[in-house]
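So you can see what is in the structure, the chains are spelled out below.
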Amino acid sequence: MSKKFKFLKKLSLIFVISLLVSSCGSADDAVSTALDSPKSNADFYAGPIGESEKNLNILVWPGYAEDGATDSDIDWVTPFEKFTGCDVTVRTFNTAEEGIQLMQEGGYDVISASSDFSFNFIETKIVQAINTDLLENYADIYQDLKYKPWNVVDEQTFGIVNGRGVELLTSNIAKVQNNSNTWASIFDPNSEYKGKIGVHDSPMSIAIAALYLMKTNPSLEIKNPYALDQNQFDAVMQLIMQQKSMVSNYWFDYPSNLENFKNENVLIGPAWQATINSLNETNALARAIKPIEGTTGWTNNWMISNSTKSINCAYKWIDWAINPQTNAQIAEWFGEAPANKNSCTLMADKNHCTKFNAQDLDFWKDIYYWRYPTTKCLDGRTEIECVSYENWFLTWTNFRNS
């Protein structure tokens, strides 16, 4: 069993007692957003970066700021402290809702916010614009990860992407013979795999259903799977409720999805690349494909609190995290594609970037990165309101408890 799997299995004990939530993008900028948000949530830090403050409080997803406590060989926090003099305190969160609540309570300087809720922090003025000129390693971030609508308002950058991932349609090679390349295999009531389908137990599964209907039911006029008016949202939920009798497992985390594929309780369904890699670690057990309708994905983004008293340490931390070596360490340990284009040659696993499609920029063009749905429609419509993230979350929670 790999160190990574031991780490994630340990996390599953935390995840199962956490609130049900998750994970919100358009396919690149094919449908851009023009939300009327504050042009600036804080004065631009002009720099230059000066002497380190005493403390830096970081709020992160588990596995994103490792100090050797989980595995003595996995530590990029301690070298940062020695190099900069910034004394780092790390607090982890396990759900988007928990991350939002902790940032609202205050006391944190930097957060790793995934793209489903990063815009929430901009909208509520919790984070400040970032002066990218002060980040030495920003120039080496893949261009298609810059200026994303969940991180940028009025040409001001509020989030720096550290890495990205994707959900792929994954199937058991031995049991699924037709090489399915469409989400219809998990939504069609006549699917030959009903009773053996796994689904991500997350409100973001609504986006996959919306993406499927966007491609297969043009009359709904869905243009963006995160911009659903009430009629569109109701149609998507009807599909999800219809699917429920076909589902054998709603998986909350990586280890549970992995085990259900291994014991053949699940033969087909969406999975993360880390799951697929683990399934195929010894023998080729799983086939993964990006469906013809496209799929969803996510980015993890560094953001700086509007109330930080450690601005120099905050900038130093972000630059440290996106430097090629650290970015490679984070991507490999957490299980994602790195954001720094120079990280791939520094991976311990020389095939990591190939497995995660890190350098295949065409692969990411039709990925609908997770977004934060708002009442102001992300597809640009102004004559109608869309269903907000809060209602996505409550609807999914009620659906799962029904």
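The rules we used
Per-chain numbering applies: the sequence of each chain, read as written, is numbered from 1 onward. This being a predicted model, a pLDDT of at least 70 is required before a residue's local features are given, and a value of 80 or more before pairs of side-chain atoms are given or counted; all residues contribute to the totals for chains, interfaces and linings. Side-chain metrics in this entry use all non-hydrogen atoms of the structure; hydrogen atoms and water are not considered. The quantity known as pLDDT measures the predictor's confidence residue by residue, on a range of 0 to 100. What makes two residues a contact is simply this: any of their non-hydrogen atoms within 4.5 Å. Salt bridges are counted wherever a side-chain nitrogen of Lys or Arg sits within 4 Å of a carboxyl oxygen of Asp or Glu. Here a strand is any run of E in DSSP of at least two residues, a helix any run of H or I of at least four, and the numbering for each starts at the N terminus. Think of it in three bands: with a 1.4 Å probe and only protein chains considered, a residue is buried below 20% of the maximum accessible area for its type, exposed above 50%, and partly exposed in between. Put simply, two rings from Phe, Tyr or Trp (the six-membered ring, in Trp's case) pair if the centres are within 6.5 Å, and we call them stacked under 30 degrees between planes, edge-to-face over 60, tilted for the rest. Criterion for a charge above a ring: Lys NZ or Arg CZ within 6 Å of the ring centre, and within 35 degrees of the ring normal. Throughout, disulfides are identified as pairs of cysteine sulfur atoms within 2.5 Å of each other. In this description, a line fitted to the C-alpha atoms serves as the axis of each element, helices being fitted only across the stretch in contact, and the angle between N-to-C directions of two axes falls anywhere from 0 to 180 degrees. When describing relative orientation, an angle under 35 degrees is termed roughly parallel and one over 145 degrees roughly antiparallel, while 65 to 115 degrees is termed roughly perpendicular and anything else oblique. Lys, Arg, Asp and Glu make up the charged group, whereas Ala, Val, Leu, Ile, Met, Phe, Trp, Tyr, Cys and Pro make up the nonpolar group; the residues left over, Gly among them, are polar. Residues belong to one nonpolar core when they are buried, are Ala, Val, Leu, Ile, Met, Phe, Trp, Tyr or Cys, and are joined through side-chain atoms within 4.5 Å. Crossing handedness follows the turn of the near helix against the far one: under a right angle anticlockwise gives a left-handed crossing, and clockwise gives a right-handed one.

(A) Here's a closer look at the confidence of the model for the protein. In this model, the protein carries a mean pLDDT of 89, and residues with pLDDT of at least 70 account for 89%. A low-confidence stretch, residues 5-26 stays under pLDDT 50, and its non-local contacts, those more than four residues away or across chains, total 77 contacts. A low-confidence stretch, residues 28-40 stays under pLDDT 50, and its non-local contacts, those more than four residues away or across chains, total 32 contacts.

(B) Summary view of the pattern of salt bridges. By the definition in use, this model includes eight salt bridges. Salt-bridge contacts for arginine 400 lead to aspartate 201; the nearest nitrogen and oxygen are separated by 2.9 Å. Of this pair, arginine 400 sits in helix 13 (residues 389-401) while aspartate 201 sits in the loop between strand 8 (197-200) and helix 6 (205-216), placing them 199 residues apart in sequence. Residue arginine 400 is classed as partly exposed on the basis of its relative accessible area, which comes to 23%. By relative accessible area, which is 9% here, aspartate 201 ends up buried. Linking aspartate 362 and lysine 365 is a salt bridge whose minimum nitrogen-to-oxygen distance equals 3.0 Å. Overall, lysine 365 belongs to the exposed group, its relative accessible area being 53%.

(C) Structural detail: the packing of aromatic side chains. Under the definition given, this model contains 24 aromatic pairs. Here tyrosine 250 and tryptophan 396 contribute two aromatic rings whose centre-to-centre distance is 6.3 Å and whose plane-to-plane angle is 75 degrees, an arrangement assigned as edge-to-face. Of this pair, tyrosine 250 sits in strand 9 (residues 247-251) while tryptophan 396 sits in helix 13; the two residues are 146 residues apart in sequence, bridging distant segments of the chain. Between tryptophan 302 and tryptophan 317, the ring centres sit 5.8 Å apart and the planes meet at 85 degrees, which makes this aromatic pair edge-to-face. Of this pair, tryptophan 302 sits in strand 12 (residues 295-305) while tryptophan 317 is found in helix 10 (residues 311-321), placing the two residues 15 residues apart along the sequence. Note on accessibility: tryptophan 302 and tryptophan 317 belong to one class, buried. Through a chain of ring-to-ring contacts, three or more aromatic side chains come together here, namely Tyr64, Phe80, Phe83, Trp298, Trp302, Trp317, Trp320, Phe334 and Trp370. In this structure, lysine 146 packs its charged tip against the face of tyrosine 138, placed 4.5 Å from the ring centre. Taking the ring centre of phenylalanine 399 as reference, the NZ or CZ of lysine 244 above it sits at 4.8 Å.

(D) Examining the state of the cysteines more closely. Tallied over the entire structure, the rule returns three disulfides. In this model cysteine 344 forms its disulfide with cysteine 353; the gap between the sulfur atoms is 2.1 Å. Across the S-S bond of cysteine 344 and cysteine 353 the torsion is about -95 degrees, and the bridge reads as left-handed. Both residues of the pair, cysteine 344 and cysteine 353, belong to the buried class.

(E) Here's a closer look at the packing of helix 6 against helix 7 (residues 230-243). Across the interface, helix 6 lies against helix 7 with an axial gap of 9 Å and an inter-helix angle of 105 degrees. In terms of axis orientation, helix 6 runs roughly perpendicular to helix 7. Contact with helix 6, carried on its side by Ser205, Ile206, Ala209, Ala210, Tyr212 and Leu213, involves Phe233, Ala235, Val236, Met237, Leu239 and Ile240 of helix 7 and no other residues of that element. Tallied by class, the residues present in the contact of helix 6 with helix 7 amount to 11 nonpolar, one polar and no charged.

(F) Examining helix 8 (residues 254-262) more closely. Among the residues making up helix 8, those that are buried are Tyr254, Pro255, Asn257, Leu258, Asn260 and Phe261. Phi turns positive one or two residues past the end of helix 8, at glutamate 264, with a value near 65 degrees.

(G) Up close: the side chain of threonine 157. Along the chain, threonine 157 falls in strand 6 (residues 156-157). In contact with threonine 157, not counting residues within four places along its chain, are Ala129, Ile130, Thr132, Tyr138, Tyr147, Asn151 and Val152.

(H) Molecular detail of the environment of proline 291. Mapping proline 291 onto the fold places it in the loop between strand 11 (286-289) and strand 12. When its relative accessible area of 3% is taken as the criterion, proline 291 is described as buried. In the structure, proline 291 is positioned 79 residues away from tyrosine 212 in sequence and 9.6 Å away in space, judged by C-alpha atoms.

(I) Molecular detail of the nonpolar core. Core analysis: the largest hydrophobic core is formed by 126 residues, its most contacted members being Phe117, Phe121, Trp302 and Trp317. Per-element accounting of this core gives the leading share, nine residues, to helix 6. In this structure, phenylalanine 117 is in contact with Trp61, Phe93, Ala96, Ile100, Ile111 and Tyr372, ignoring residues within four places of it in sequence.

(J) Summary view of the packing of helix 7 against helix 13. In contact at an axis separation of 12 Å, helix 7 and helix 13 are set at 25 degrees when each is read in the N-to-C sense. Considering the angle they form, helix 7 stands roughly parallel to helix 13. Viewed along their axes, helix 7 and helix 13 form a crossing whose handedness is right-handed. On helix 13, the residues touching Phe233, Met237, Ile240 and Met241 of helix 7 are Asn391, Trp392, Thr395, Trp396 and Phe399.

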